[in-house]
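Each chain, written out:
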Amino acid sequence: SLVSFIAIFGKTSIHLFSKTNRKYKSILLAFGSLLVVVSGFNDMLSVLGIKDSFLILPVAIAAMVFSIAMSVNDDINHTFSERDELLRTLESRVEEKTKHLTEALATVQKSQAELVESSRLASLGTLSAGIAHEINNSINFVNGAIVPLERKVAKSLPENEKEGVQKLFKVIKEGTQLTMEIVASLRSYTGLNQAEMRDVNLFEVAKSVGTILKSKIGSREYKINIDPSLHFYGHHIGINQILMNLISNALD
């Protein structure tokens, strides 16, 4: 009878028992323990001949063992449920951390690219400033020799050729002066020692930028509508770059 009971109703009983809460489980285990005590007392009376009844202690013990087995099975199922929940939570957290790390990596890569670009611009500025300095020295030699040369040439030329030569010297002076202005503007634009805050003449800055962009401006009308006395306290290089970008964008 016991084997048949376990075989037929065992699986169903375990399934139903596993759905009970722990309070009911404790009650069932206590009831099983009480059943073992009562059946043992009954069997003792039957063996001593005090009471005529069947021996039911083995059945009670089997029921108690079966209850304990169902309790252990419920604990195992509960443990597996907690494990699955922890795994799901862990996977979710790993996915979230991976997403954050991916975003952080993208930010670092972007910052690295910006730093590399800034480094290149700084190197280009240093190189440009050095070249501008060397060109400025050479132009100063040429500019200083133009006036004495013009005087000597004028003395040795006949009067009918002096006017043409003077026009040529005028063109040379203008070209030399323009080159000096471009070099001065380039040095002002890339000024390595002007990163600190200082007093800035906005008109001079705009004029310098206009000189640098003169070839790009071409025949277009370009006027500086700024009060020459207007000054402000700020970064000379920064305002240079702002005006350069604004004018270049407008030309484009």
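The preceding data block contains the structure.
What counts and how
Residues numbered from 1 in each chain as written. Predicted model: local features only at pLDDT ≥ 70, side-chain atom pairs only at ≥ 80, totals over all residues. Heavy atoms only, no water. Helix = DSSP H or I, 4+ residues; strand = E, 2+ residues; numbered from the N terminus. Buried < 20%, exposed > 50% of the residue type's maximum accessible area, 1.4 Å probe, protein only. Contact = heavy atoms within 4.5 Å. Areas by Shrake-Rupley, 256 points an atom, 1.4 Å probe, with all protein chains shown as cover. Salt bridge = Lys/Arg side-chain N within 4 Å of Asp/Glu carboxyl O. Core = buried A, V, L, I, M, F, W, Y, C linked by side-chain atoms within 4.5 Å. Axes fitted to C-alpha atoms, helices over the stretch in contact; angles between N-to-C directions. Parallel < 35°, antiparallel > 145°, perpendicular 65-115°, else oblique. Left-handed = near helix turned anticlockwise from the far one by under 90°. Nonpolar A, V, L, I, M, F, W, Y, C, P; charged D, E, K, R; others polar. Polar contact = N/O pair within 3.5 Å; in protein donor to acceptor, adjacent residues only side chain to side chain. Expected span 1.5 Å × (residues − 1). Arc of directions from axis to C-beta.

(A) View of the overall build of the protein chain. Helix and strand counts for the protein chain stand at seven helices and two strands. Helices and strands in the protein chain line up, N terminus first, as α-α-α-α-β-α-α-β-α. Here the protein chain, with 252 residues, has 22% of them falling under the buried criterion. A separation threshold of at least 6 residues defines the contact pool for the protein chain, and within that pool the share at least 24 residues apart is 73%. Working note: accessible area of the protein chain is about 18,400 Å², and carbon and sulfur atoms make up 64% of it.

(B) A look at the pattern of salt bridges. Tallied over the entire structure, the rule returns five salt bridges. The partner of aspartate 252 in a salt bridge is lysine 216, with the nearest N and O atoms 3.4 Å apart. Taken together, the positions of aspartate 252 in the segment after helix H7 (236–251) and lysine 216 in helix H6 (residues 214–217) put the pair 36 residues apart, joining distant regions of the chain. Between lysine 223 and glutamate 221 there is a salt bridge, and its shortest N-O distance comes to 3.8 Å. In this pair, the class of lysine 223 matches that of glutamate 221, namely exposed.

(C) Examining the nonpolar core more closely. Residues Val200, Leu202, Val205, Ala206, Val209, Leu213, Ile217, Ile239, Leu243, Met244, Ile247 and Leu251 constitute the largest nonpolar core, which totals twelve residues. Of all elements in the fold, only helix H5 (202–212) and H7 reach the threshold of two or more residues within this core. By residue number, the principal contributor to this core is H7, which donates five residues.

(D) Seen up close, the packing of H5 against H7. Contact geometry for H5 and H7: axes closest at 10 Å, N-to-C directions at 50°. Between H5 and H7, the interaxial angle falls into the category oblique. Both H5 and H7 take part in a crossing whose hand is right-handed. From H5, Leu202, Val205, Ala206, Val209 and Ile212 reach across to H7, where they touch His236, Ile239, Asn240, Leu243, Met244 and Ile247. Partitioning the contact of H5 with H7 into residue classes produces nine nonpolar, two polar and no charged.

(E) Focus on H5. Restricting attention to buried positions, one finds in H5 the residues Leu202, Val205, Ala206, Ser208, Val209, Gly210 and Thr211. Of the residues that open H5, the one with a side-chain oxygen 3.0 Å from the backbone nitrogen of phenylalanine 203 is asparagine 201.

(F) Representation of the side chain of serine 248 within the structure. By the secondary structure assignment, serine 248 is in helix H7. According to the relative accessible area criterion, serine 248 is buried, its value standing at 13%. A polar contact of 2.8 Å, which involves the side chain of serine 248, links it to the backbone oxygen of methionine 244. For serine 248, the contacting residues outside a window of four places in its chain are Leu213 and Lys216.

(G) Region of interest: H7. Given a rise of 1.5 Å per residue, 16 residues ought to cover 22 Å, and the 23 Å separating the end C-alpha atoms of H7 matches this to within 8%. Listed as buried for H7 are His236, Ile237, Ile239, Asn240, Leu243, Met244, Ile247, Ser248 and Leu251. Take H7 and look down its axis: the buried residues cluster within an arc of 165°, on one side only. Opposite the buried face of H7, at more than 90 degrees from it, the exposed residues are Leu246, Asn249 and Ala250.

Taken by themselves, the reported measurements are silent on function.
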